[in-house]
Amino acid sequence: MSNSRNSRRIEQWRDTTIPRRPLLWLAAALLFTLPALLGTVASWVPFLFLFALVLKFWMEPKGYRLRSTSLKLILTALTLGAIFLSYDPLKGIEPAVSLLVVLVSLKILEAHTAREFQVMVMMAWVLCLCGFLLSQDLAIAFCLFIAFALLIAALVQFHRPATAGSPGAFWLPLATTLKLVVQAAPVVVLLFLLFPRINTGFQFRIGDPHAARTGFSDRLSPGGIVALANSTDIAFRAEFPDRRTGPVGPMYWRGLVMWHCEGMEWRAPYAPAPISDSSNGYPASDKAVRQRITIAPHGARWMFALDRPFGIPSGARLARGNYLYSVQPIRKTRRYEALSSTDPTREELGAHERREALQLPASISPAVRELAASFAGHDSEPRATVNSALQFFRTQGFRYSLSPGEYNKNDLEEFLFRRRTGFCEHYAASFATLMRLAGIPARVVLGYLGGEYNDLGGFFLVRQSDTHAWCEVWIPENGWTRIDPTAVVAPGRASLDLSSFLASRIASGEIATGRTTFVTRLVRLPLVNQIRSIWEALNYQWDTRVMGFDADVQDVLLTSLGLTNSGPLPLVMQVLIVISALLIIYAGWMQLQTRPRADRIQALYERYCQRLARIGVQRDPCEGPSDFAKRAAQSFPNASECVRQITETYIALRYAPGPAAISLDKFAKKINAFTAHR
């Protein structure tokens, strides 16, 4: 009795199963959507997704599925609660995508019919779209394209049960998918190039507009930049149209100027004060450097250019302190040109600006004040004071370190007299504070230093790890002059990007790393560097040619093609006319490719039948080829073998599901030989 009750209970969980091969294609497609989820949604969501896939492959052969309505409601409530606890606040695209992934996971465990399989495929396509909204990186786009193609293969395999057991049937869906993708490619390219742009580009960032993903903020705190030392995220790429390899000397990319001093912590004005375009203040000379910069979306307004920008790109402003900022937050890849000059500015230092550049924190220890006074001396020139301070950092055992320990904004004395270990923000903040104590106007500049040159693409790649802070002091005869105390402590940093600089220090044993010697050497192999350069060059072309294809670029393309963009509606009509014409041409071409072949096979066979009719064997209109061949062979025993071969060839050419091994020309030769001898 108990055994029968248990068997009935098991039968309640059994149902029809989805064929294994379509399920394999679907699972492979869903796996390729995982890279877009990793690092963007809550960490438990991709693992739940993967667990559901593995569990499905255990359940499906046994006929199990998630059938209990109560259990479904409990699991849904638990996952919704987990999403609610994982996101605070509950807004943006990440919680919505997490909810979709959870629903897909539950649907995977529940699905068992053909309709539910197709629903899973539709949900997976929506998941591909959401993955692209989360990230428009080339690697992610490539994974999502593979997932999209595999979903097509899953549907093709699902609707081909008759060929499931034939040799090579597992790979036939891929061939069909490839044909469909190739046929759709021209229409996709036309829509991409000609369809009116609703937004200003394809690369964008959905989420909190105030959450920048760079090392920049309006506050420079101890340890804020060192946290980015291992970041491989791209800040921007820069080309130099007039000089392929860039300017001579270190490249300081100016991003933000900070005025408010709190010891080891500095802050920029909350609202940048715009100034007029100062291009008239710079003579046209060889020292003017033109840059073409492609900046990654980061959600803030920071823009970058070499010291010192004097040309203002469209949609930007030049702020007090000679740095660029965008009028609108940068939420998509943006490409702009900037002009910079290495000559110092000749502007005057106003009284208000002088007071701001000499402002000091409320509490400064006597030891720090005494140190600053020792730099100034009696009637000392500003340049001599600066040199004395740099000499102090050069000779007193200061160290450049990626792990300097924690500092607070009031730990200036701790840094200068005891620990003497820091990163660029520690040296810039402390040096600028000492200069103000010595009576020299000073400020802190936050930006990037260096960049990795890509020979294939002809551009410099600047990563978040290249974030750097330096100082500017006011020298009466020169104006604001750049002083980088970090270069005194770590010679060579100014001439290299951070990763190359650290690699040289690791190779010389000056900096220890957790990586093994084998891994360190492997990363620096020429072949590895070449592969990395190729990938970065492809990424650059993806960002500029595809993701950066906005309305302005489209207008230029349409003008070059002789098409005037008079508005969205006329352009849509033109696109539809072109696509319709292409589809008609393609349909006609396919008709020409298929129809003549079928007509020729039938014409040859009818010629063969007519020959047999003339010699006494008339084919009945309702008679099939095999039956007719048997009757003809009985009437002409001497030609039975020839009749059999012709009939088998005709059936293979006419009715075989795949391409026949024999060619149409050989079939024609057999017909001609038969008719010639009869």
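Description of the structure in this document.

Conventions adopted
- Residues numbered from 1 in each chain as written.
- Predicted model: local features only at pLDDT ≥ 70, side-chain atom pairs only at ≥ 80, totals over all residues.
- Heavy atoms only, no water.
- Helix = DSSP H or I, 4+ residues; strand = E, 2+ residues; numbered from the N terminus.
- Buried < 20%, exposed > 50% of the residue type's maximum accessible area, 1.4 Å probe, protein only.
- Contact = heavy atoms within 4.5 Å.
- Areas by Shrake-Rupley, 256 points an atom, 1.4 Å probe, with all protein chains shown as cover.
- Phe/Tyr/Trp six-rings, centres within 6.5 Å; stacked < 30°, edge-to-face > 60°.
- Lys NZ or Arg CZ within 6 Å of the ring centre and 35° of its normal.
- Pairing = 2+ DSSP bridges.
- Arc of directions from axis to C-beta.
- Axes fitted to C-alpha atoms, helices over the stretch in contact; angles between N-to-C directions.
- Parallel < 35°, antiparallel > 145°, perpendicular 65-115°, else oblique.
- Nonpolar A, V, L, I, M, F, W, Y, C, P; charged D, E, K, R; others polar.
- Salt bridge = Lys/Arg side-chain N within 4 Å of Asp/Glu carboxyl O.

### As for the overall build of the chain
Phase 1 of the analysis: From N to C terminus, the chain includes 23 helices and 18 strands.
Phase 2 of the analysis: Within the chain, buried positions represent 44% of all 678 residues.
Phase 3 of the analysis: A separation threshold of at least 6 residues defines the contact pool for the chain, and within that pool the share at least 24 residues apart is 74%.
Phase 4 of the analysis: Approximately 34600 Å² of the chain is accessible, and the part contributed by carbon and sulfur atoms is 60%.

### Section: the packing of aromatic side chains
Phase 1 of the analysis: What the rule picks out here adds up to 26 aromatic pairs.
Phase 2 of the analysis: A network of ring pairs unites the aromatic residues F375, F392, F393, F398, Y407, F415, Y427 and F431 as a single cluster.
Phase 3 of the analysis: Across the ring face of W259, the terminal group of R320 is positioned such that the distance to the ring centre comes to 4.4 Å.
Phase 4 of the analysis: For the cation-ring pair, R443 lies above W480, with the distance from its terminal atom to the ring centre recorded as 4.0 Å.

### A word on the sheet that holds strand β9 (residues 316–319)
Phase 1 of the analysis: If you trace the three strands from one edge of the open sheet to the other, you get β6-β9-β10, paired in antiparallel fashion. Every other strand in the sheet has two partners, leaving β6 (274–275) and β10 (323–326) as the edge strands with one partner each.
Phase 2 of the analysis: By the bridge criterion, four bridges tie β9 to β10 in an arrangement that is antiparallel. Bridge pairing in β10 places A316 opposite S326.

### Some thoughts on helix α11 (residues 366–376)
Phase 1 of the analysis: Residues V368, L371, A372, F375 and A376 constitute the buried set of α11. End-on view of α11: buried residues confined to an arc of 145°, all on one side of the axis. Counted as exposed and oriented over 90 degrees from the buried face of α11: P366 and E370.
Phase 2 of the analysis: If you follow the buried residues of α11, they end up packed against α12 (382–395), α13 (412–419) and α14 (424–437).
Phase 3 of the analysis: One or two residues past the end of α11 sits G377, with phi positive at roughly 65°.

### Let's talk about the packing of α13 against α14
Phase 1 of the analysis: Relative orientation of the contacting elements α13 and α14 amounts to 105°, with a least axis distance of 10 Å. When the axis of α13 is compared with that of α14, the two are roughly perpendicular. Contacts between α13 and α14 involve L412, F415 and L416 from the first element and H426, Y427, S430, T433 and L434 from the second.
Phase 2 of the analysis: Per-class residue counts for the contact of α13 with α14 are five nonpolar, three polar and no charged.

### Digging into the pattern of salt bridges
Phase 1 of the analysis: Under the defined criterion, the tally for this structure stands at 24 salt bridges.
Phase 2 of the analysis: Of the charged contacts in the structure, one is a salt bridge between E353 and R320, with a shortest N-O distance of 3.5 Å. Of the two residues, E353 is situated in helix α10 (residues 351–357) and R320 in the loop between β9 and β10; the sequence distance between them amounts to 33 residues.
Phase 3 of the analysis: Between E641 and R644 there is a salt bridge, with its nearest N and O atoms 2.2 Å apart. Of this pair, E641 and R644 both sit in helix α22 (residues 640–655), separated by three residues, roughly a single helical turn.
Phase 4 of the analysis: We classify R644 as partly exposed; its relative accessible area is 37%.
Phase 5 of the analysis: Within the structure, one salt-bridge network assembled from shared partners comprises R254, D307, R308, R443, E472 and R482.

### Looking at the pairing of strand β16 (residues 459–463)
Looking along a regular strand, one sees the side chains alternate between the two faces of the sheet.
Phase 1 of the analysis: Within β16, five of the five residues are buried, which leaves it mostly tucked inside the rest of the structure.
Phase 2 of the analysis: Side chains of β16 alternate between two faces, with F459, L461 and R463 and F460 and V462 buried alike.
Phase 3 of the analysis: As judged from the four bridges shared by strand β2 (residues 234–239) and β16, these two strands associate in the antiparallel manner. Bridge pairing in β16 places A238 opposite F460.
Phase 4 of the analysis: As defined by bridge partners, strand β15 (residues 452–454) adjoins β16 across three bridges and the pair is classed as antiparallel. If you follow Y453 over to β16, its bridge partner there is F460.
Phase 5 of the analysis: Hairpin connection, β15 to β16: the antiparallel pair is bridged by four residues, and G458 has positive phi, about 70°.

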